[in-house]
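Examination of the molecular architecture
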Amino acid sequence: MKKTILFSLALFWFAFAYSQNYNSAKNYQKGSKALEKKQYQQAISLLTLSINENPTANAYFNRA
């Protein structure tokens, strides 16, 4: 019984962590594309969302 509960909690935790990482990566890609198109306000907004969900050096560098 305890193993089942522990497995369920672990599965829930991994699903939650993966969905945050996916959203962060998606926002980073959109922000980088907006930066290439010189749409700076949109790029800053998307990269900030990415940083709030999963801070990475690349996201900080592109936002700067």
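Okay, so let's go over this structure. (Residues numbered from 1 in each chain as written. Predicted model: local features only at pLDDT ≥ 70, side-chain atom pairs only at ≥ 80, totals over all residues. Heavy atoms only, no water.)

**Describing the overall build of the chain**
Going by this rule: Numbered from the N terminus, helices here are DSSP runs of H or I no shorter than four residues, and strands are runs of E no shorter than two. Burial classes follow relative accessibility: with a 1.4 Å probe on protein chains only, a residue under 20% of its type's maximum area counts as buried, one over 50% as exposed, and anything between as partly exposed. Any two residues whose heavy atoms approach within 4.5 Å at even a single point are treated as in contact. Throughout, the Shrake-Rupley method with a 1.4 Å probe supplies accessible areas, and for residues the shown protein chains are the sole cover considered.
Secondary structure summary: the chain contains 3 helices and 0 strands in total. For the chain, the succession of helices and strands along the chain, N to C, is α-α-α. A total of 64 residues make up the chain; the buried ones form 17% of that total. By sequence separation, contacts in the chain at least 24 residues apart represent 35% of the contacts at least 6 residues apart. Per element, the accessible surface of the chain, about 5,400 Å² overall, is 63% carbon and sulfur.

**A short note on unusual backbone geometry**
Positive phi values are uncommon outside glycine, yet Lys38 reaches one of about 60°. Note on placement: Lys38 falls in the loop between α1 (2-36) and α2 (40-53).

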